[in-house]
Amino acid sequence: MGSADLAPRLAAYAARRMPTASDVEVRDLSRISGGASRQTYRFRLTWSEDGAPRERRMILRRDPPVSLIDTERRVEFEAYRAFFGSKVPVPEMIWLEEGTEALDLPFSVAAEITGYEAAPALLWTEPYLAAHETLARNKWTILGEIARADPFALGLDQVMPPPEPEGCWVRELGMWETVLDADEAEPLPIARAAIRWLRANPPPPAQKIGVVHGDFRTGNFLYDRQGDIHGVLDWEMAHLGDPLEDLGWSLNPVWNFKRDLAGGLVPDGVAIAYWEAASGLRADPAAVHWWTLFNCVKGQAIWISSARAWIDGGNREPIMVLPAWGLQNPQDRAILKVMDHL
Amino acid sequence: MKPDIPAVLAELAGLVARNAAPGLDPAERAGALSLSAALLGMAAEAWDGAAQRLVEENRALRALLADAGDRTGPDAGLAGAKDEDLKISVLSATNARLRAGLIALHAVVEGEDSPEARALESRIWQELRLSTERRRMSSALA
């Protein structure tokens, strides 16, 4: 389905969801490039209500047949909803459609947050360079706020099964090792060595069961020139678990963007201090090391599975090849670095 | 590199041809072509050294497996062969068998408590580090 066919069908769906609205139209629908796990479009929804014209900018995210990350869209939707209006800035979720009748594939619609940037590359240019300290403080403070949140009070345990504190690492490592087993197109001696080490040196039990964003990194939030963050995006891999898991993902060296700084912004120790202050939790160095190495393995599993989706023909979009070619070797080098073998 | 470069290039040829058609959404066209350009750049960078990298790595892996003696178990036969067919697909398939043998050897060595095992383990980590040096690309994303 091209954009021309999509717009009227989306407008018809919106009209059904807005019974008091009339003249519902979808305008300026255009695809946003880069999304590997969802097909993402921006558009303007216009309608009349109470005799007045209305307009709202929105984002449509549609599941492709095979994506880089296979996730439950309801989990993602509820994670956004849980944090809307909190200290963790997220876009407002509007509709979730799990059926395929309306647009052939399941989808969600959210309010668009406009006027900010997400691309990491801009951060290494003026005027953004001057805002790195502020951005880093905001980034790891927000991540700490996610860790501080009570997933049971937010009702997220209804859609995300909570593990036992001592079982967080077993579940996550087992899940991503299974992905590697199923999807690797060639042997991965470095990742396999890391997995053996992780199993032989388990981390302590989680201090609490918290919300884990699952992909909190530079590039997955909207920022401005002052270093303020206006939206945390890409909650596809959200789940409940050890909050240190998110900290470890943010410290995965592939997200340093060749700058040898956490997220390309500040030294690891500075990032960890912001996170500890906001979360109220302790980042035990050995546990952080374990979760950082785990996240290197998780990253490799994601890059490998994107290659697998392309090889098997389920998704031949070039975005599926880019991480496989562009991140697999850097991820191996990140593993070596974290294991002190580089 | 997986997916294999020839398969990706063939797919990109079709994608570029489709994007030459009039009437496409400019944003979709721009996204498809910019990603294609990035992949073409990576393929170009990997192309010249691909056979050299595989031959060099296969030789190093065979030497490691040969020096491991009985520890290689059923993979012992891998150590004695040579790369006669220099097609990249054939070299890659051999490389995959050798790297699978290295994984098995690495796990065996980790379980041994002897100076010889530690020395062999150190050589395995050195080879793994070198394997990432051989695969480095200036166009990598990180």
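Because the structure is predicted, anything quoted here is derived from the model rather than measured.

Parameters at a glance
- Sequence order sets the numbering: in each chain, residues are counted from 1 along the sequence as written.
- Chains and ligands are labelled by the order in which they are written, letters from A for the one and numbers from 1 for the other.
- The predicted nature of this model means local features are confined to residues of pLDDT at least 70 and side-chain atom pairs, given and counted, to a pLDDT of 80 or more, with totals for whole chains, interfaces and linings taken over all residues.
- Side-chain measures were taken over the full set of non-hydrogen atoms in the model, leaving aside hydrogen atoms and water.
- Each helix corresponds to a stretch of at least 4 residues labelled H or I by DSSP, and each strand to a stretch of at least 2 residues labelled E; elements are numbered beginning at the N terminus.
- Just to be clear, the radius of gyration here is over C-alpha atoms, and the globule rule we use is 2.2 Å times residues to the power 0.38.
- Only heavy atoms matter for contacts: two residues are in contact if any of them lie within 4.5 Å across the pair.
- For every accessible area listed, the method is Shrake-Rupley and the probe measures 1.4 Å; residues are considered covered only by the protein chains on display.
- In this count, Lys and Arg are taken as positive residues and Asp and Glu as negative ones, while His and the chain termini are left out.
- Note that the charge is assigned to NZ on lysines, CZ on arginines, CG on aspartates and CD on glutamates.
- In short, buried area is how much 1.4 Å probe accessible area vanishes from two parts on joining, totalled over both.
- For salt bridges, the criterion is a side-chain nitrogen of Lys or Arg within 4 Å of an Asp or Glu carboxyl oxygen.
- Two N or O atoms form a polar contact when they lie within 3.5 Å of each other; inside protein one atom must be a possible hydrogen donor and the other a possible acceptor, and for residues adjacent in sequence the pair counts only when both atoms belong to side chains.
- In this classification, Asp, Glu, Lys and Arg are treated as charged, Ala, Val, Leu, Ile, Met, Phe, Trp, Tyr, Cys and Pro as nonpolar, and every other residue, Gly included, as polar.
- Note on classification: 1.4 Å probe, protein chains only; a residue is buried when its accessible area is under 20% of the maximum for its type, exposed when over 50%, partly exposed between these limits.
- Strands are labelled as partners when DSSP assigns at least two bridges between them.
- For helices, the fitted axis covers only the stretch in contact; all axes are lines through C-alpha atoms, and the angles between them, taken along N-to-C directions, range from 0 to 180 degrees.
- In what follows, roughly perpendicular refers to angles from 65 to 115 degrees, roughly parallel to angles under 35, roughly antiparallel to angles over 145, and oblique to any angle outside these ranges.
- The crossing is said to be left-handed when, going from far helix to near helix, the turn is anticlockwise and less than a right angle, and right-handed when the turn is clockwise.
- Here the expected length of a helix is defined as 1.5 Å per residue gap, with one fewer gap than residues.
- Residue ranges assigned to each domain were obtained from an automatic or database domain assignment.

Enquirer: Describe the overall build of chain A, naming the residues involved and giving the relevant values.
Expert: Each helix and strand in chain A was counted, giving nine helices and nine strands. In terms of C-alpha radius of gyration, chain A reaches 20 Å, essentially the compact-globule figure of 20 Å for 342 residues. Sequence-distant contacts, at least 24 apart, represent 71% of the contacts inside chain A between residues at least 6 apart. As presented, chain A carries roughly 13,200 Å² of accessible surface, and 50% of it is formed by carbon and sulfur atoms. Side-chain charges in chain A split into 35 positive and 48 negative, and the spacing between the mean points of these groups amounts to 3 Å.

Enquirer: Go over the interface of chain A and chain B with me, naming the residues and quoting the values.
Expert: If you look at the interface, chain A gives 37 residues, while chain B gives 42 residues. Carbon and sulfur atoms make up 71% of the area that chain A and chain B hide from each other, which totals about 3,500 Å². Remark: the boundary between chain A and chain B carries three salt bridges. At the surface where chain A touches chain B, the tally comes to 12 residue pairs in polar contact (both at pLDDT 80 or more). If you list the elements that add at least two residues to the side of chain A that touches chain B, you get β1 (22–32), α5 (189–200), α8 (285–311) and α9 (321–338) of chain A. Looking at the side of chain A that touches chain B element by element, the count peaks at 11 residues for α9 of chain A. Its residues placed into classes, the side of chain A that touches chain B shows 23 nonpolar, six polar and eight charged.

Enquirer: Account for the pairing of strand β4 (residues 93–97) of chain A, with residues named and values stated.
Expert: Put simply, side chains in a regular strand alternate between the two faces of the sheet. Residues and elements named next belong to chain A. The buried fraction of β4 is high, at four of five residues. The pairing of β4 with strand β5 (residues 107–111) spans four bridges and is classified as antiparallel. Residue pairing in the sheet places Glu-97 in a bridge with Phe-107 of β5.

Enquirer: Can you explain the packing of α9 of chain A against helix α2 (residues 26–47) of chain B? Please cite residues and give values.
Expert: Taken N-terminus to C-terminus, the directions of α9 of chain A and α2 of chain B make an angle of 40°; their axes are 10 Å apart at the nearest point. Relative to α2 of chain B, α9 of chain A is oriented oblique. Helix-helix and strand crossings are classified by hand; for α9 of chain A and α2 of chain B the assignment is left-handed. Facing α9 of chain A, whose interface residues are Val-321, Leu-322, Trp-325 and Gly-326 of chain A, α2 of chain B presents Leu-35, Ala-38, Leu-39, Met-42 and Ala-43 of chain B.

Enquirer: Explain the packing of helix α4 (residues 168–183) of chain A against α8 of chain A to me, and be specific about the residues and the numbers.
Expert: Axis angle and axis distance: for two packed helices, these are the angle between their axes and the distance between the axes, and together they describe the pair. Residues and elements named next belong to chain A. Two elements in contact, α4 and α8, have axes separated by 9 Å at closest approach and are oriented at 30°. As far as their axial angle goes, α8 and α4 are roughly parallel. Judged by the twist between their axes, the crossing of α4 over α8 is left-handed. Here α4 contributes Cys-168, Trp-169, Glu-172, Leu-173, Trp-176, Val-179, Leu-180, Ala-182 and Asp-183 to the contact with α8, which in turn contributes Trp-290, Trp-291, Phe-294, Val-297, Lys-298, Gln-300, Ala-301, Ile-302, Ile-304, Ser-305 and Arg-308. Per-class residue counts for the contact of α4 with α8 are 14 nonpolar, two polar and four charged.

Enquirer: Describe in detail α5 of chain A, supporting the description with residues and values.
Expert: Residue pairs spaced three or four apart in an α-helix point in one direction, given the helix's 3.6 residues per turn. The terminal C-alpha atoms of α5 of chain A lie 17 Å apart, and with 12 residues this matches the ideal 16 Å at 1.5 Å per residue to within 8%. Taken as a whole, α5 of chain A has its buried residues at Pro-189, Ile-190, Ala-191, Arg-192, Ala-193, Ala-194, Ile-195 and Leu-198 of chain A. If you follow the buried residues of α5 of chain A, they end up packed against α4, α8 and α9 of chain A together with α4 (88–110) and α5 (115–134) of chain B.

Enquirer: Please set out the domain arrangement of chain B residue by residue, giving values where relevant.
Expert: Accessible area lost upon the coming together of the parts is a frequently used measure of interface size. Examined at the domain level, chain B breaks down into domain 1 (5–47) and domain 2 (50–134). The distance between the C-alpha centroids of domain 1 of chain B and domain 2 of chain B comes to 36 Å.

Enquirer: Requested: an account of the domain arrangement of chain A, with residues and values cited.
Expert: All names here are of chain A. Taken domain by domain, chain A comprises domain 1 (3–111) and domain 2 (120–338). Taking both sides of the interface into account, the surface hidden between domain 1 and domain 2 amounts to around 2,200 Å²; carbon and sulfur atoms contribute 72%. For the pair domain 1 and domain 2, the interface holds three salt bridges. Asp-234 is paired through a salt bridge with Arg-61; the nearest N and O atoms lie 3.5 Å apart. Ranked by residue count, the leading element in the side of domain 1 that touches domain 2 is helix α2 (residues 73–83), at eight residues. Within the side of domain 1 that touches domain 2, the residues separate by chemical class into 14 nonpolar, five polar and seven charged.

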